[in-house]
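Okay, here's what each chain looks like letter by letter:
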Amino acid sequence: MTSSSSPSQDAKRLAHAYPEGLRADALMEEDVAWSHEIDGERDGDQFDRSERAALRRVVGLSTELEDVTEVEYRQLRLERVVLVGVWTTGTAQDADNSLAELAALAETAGALVLDGVIQRRDKPDAATYIGSGKAAELRDIVLETGADTVICDGELSPGQLIQLEDVVKVKVIDRTALILDIFAQHAKSREGKAQVALAQMQYMLPRLRGWGQSLSRQMGGGRGGLATRGPGETKIETDRRRIREKMAKMRREIADMKTGREIKRQERRRNKVPSVAIAGYTNAGKSSLLNRLTGAGVLVENALFATLDPTVRRAETPSGRLYTLADTVGFVRHLPHHLVEAFRSTMEEVGDSDLILHVVDGSHPVPEEQLAAVREVIRDVGATDVPEIVVINKADAADPLVLQRLLRVEKRAIAVSARTGQGIAELLALIDDELPRPSVEIEALVPYTHGKLVARAHTEGEVISEEHTAEGTLLKVRVHEELAADLAPYTPVSAG
């Protein structure tokens, strides 16, 4: 193979080939001139100067979709996760159900579940949650599957989190962090975002970690001298102090929002409007039931914690009595105590209601566990004295034997389907029977000039009979004491 000629040899050839006046132009055009003797043995195609300087399109790298409708289905890169559970109590089926629920939570958060493992132990290991040997085996599973995250089915202490990460060499999160992430994605209202932020900061505070300069000390502590005497505080201590300050500010904001909601509740109480709260396990169909009963148009999705912000809608019983229907945040097993504390003001809707519709997924393999988990949270918010109706939703997809078992065990239960409308009429009649009724029954002849009293009787009380006479409207109603006092002057003498 012949070697390429040097630049000095090329210049000599040009000196003989061109006259003196044209030599400079020839040198300038050397890049674009081509000769078989000089360029014939060069590798690849040769381009003009303008072509070499131009942008060159590389074929086959574009990810543009041919059909624009496919944009709706394009997904971002999902985190690839491995699930880990510790089985301490209950049956093997209970442990599998708990891990299946963790998988549903992970998918809701936007992760791709690759594998799941469970270890049988008396209690979680204090160091690495699953023990050092099993942690090494978990590391092999992570390498084999190519996962980048490990999710533990429990709440890890800061020490467990750090030591397990040191073994598996990928990010490790627990069930609490996963639920907080879902809440952060789904919170839409100002109050919901504030409550989620407060819960996240409560969770983050004891788990702050620092690397490098994050552990260095801040110069300070003197009277502003040259190097400010004293060691000062470390960067991580500064971060903790700032988080505490933000948490205090967030609690004040949530308390202010609570005041506004309390004013609305007091207005409803003043008007003697009964309230019904829908509570239940996440993805049991609470929002679907609210839409079916009131036409609220709340988001309905087959996902955990699809709706977080409480929704209050006006509804009417078959007999014409008005009441409010409130959709609350969904519950889940081992609901993080940070969330229970942060959402306590929202959950007060359950405690202040006159009736609870406890919605349970009838198609779930073990609906009794859902009932127990929700009732535990209801006890935490102090709503154990409120009457409860168990609404077994998704009856169209449930096992008939499971429905029979639930209807037999629960004293006040009804099977419905919010999707098909099955049992909704019976549920409305049951709500009408269970709602508290006005305490005073009265008969009054209201003059036509006082029509507002008749309207109040319809909105605030229960009209038993109504007759229009020459003197006025003859009402037989059941009302509260305040309205009974207003109607007393129009009570016929015969009724006294």
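Below you will find a few notes about this structure. (Residues numbered from 1 in each chain as written. Predicted model: local features only at pLDDT ≥ 70, side-chain atom pairs only at ≥ 80, totals over all residues. Heavy atoms only, no water.)

Looking now at the pairing of strand β1 (residues 79-87). Along any regular strand, the residues point their side chains to alternate faces of the sheet. Note that β1 and strand β2 (residues 111-120) share nine bridges and pair parallel. When the bridges of β2 are listed, Val-86 appears paired with Gln-119. For the handedness criterion, the β-α-β arrangement of β1, helix α5 (residues 92-109) and β2 is classed as right-handed. In this sheet, strand β3 (residues 149-152) lies alongside β1 in parallel orientation, the contact comprising four bridges. Across the sheet, the residue bridging to Leu-83 is Ile-151, located in β3. (Pairing = 2+ DSSP bridges. Helix = DSSP H or I, 4+ residues; strand = E, 2+ residues; numbered from the N terminus. Right-handed = clockwise from strand over helix to strand, strands pointing away.)

Taken together, the side chains of Arg-242, Lys-246, Lys-249 and Arg-252 define a basic patch exposed on the protein surface. With respect to the element layout, Lys-249 can be found in helix α10 (residues 235-270). (Patch = residues over 30% accessible without salt bridge, like charges linked within 9 Å, V, L, I, M, F, W, Y side chains within 5 Å. Areas by Shrake-Rupley, 256 points an atom, 1.4 Å probe, with all protein chains shown as cover. Salt bridge = Lys/Arg side-chain N within 4 Å of Asp/Glu carboxyl O. Lys, Arg positive; Asp, Glu negative; His and termini not counted. Charge placed at Lys NZ, Arg CZ, Asp CG, Glu CD.)

Interaxial distance between helix α14 (residues 367-380) and helix α15 (residues 400-409) falls to 11 Å at its minimum, and their mutual angle equals 40°. The angle between the axes of α14 and α15 places the two elements in the oblique class. In contact with Pro-367, Glu-368 and Leu-371 of α14, α15 contributes Val-402, Arg-405 and Leu-406. (Axes fitted to C-alpha atoms, helices over the stretch in contact; angles between N-to-C directions. Parallel < 35°, antiparallel > 145°, perpendicular 65-115°, else oblique. Contact = heavy atoms within 4.5 Å.)

Right, let's talk about the pattern of salt bridges for a bit. Counted according to the given criterion, the structure contains 14 salt bridges. As a salt-bridge pair, Arg-175 and Glu-101 come within 2.4 Å of each other at their nearest N and O atoms. One end of the pair, Arg-175, is in helix α8 (residues 175-186); the other, Glu-101, is in helix α5, and 74 residues separate them in sequence. Connected via shared salt-bridge partners are Glu-101, Asp-153 and Arg-175.

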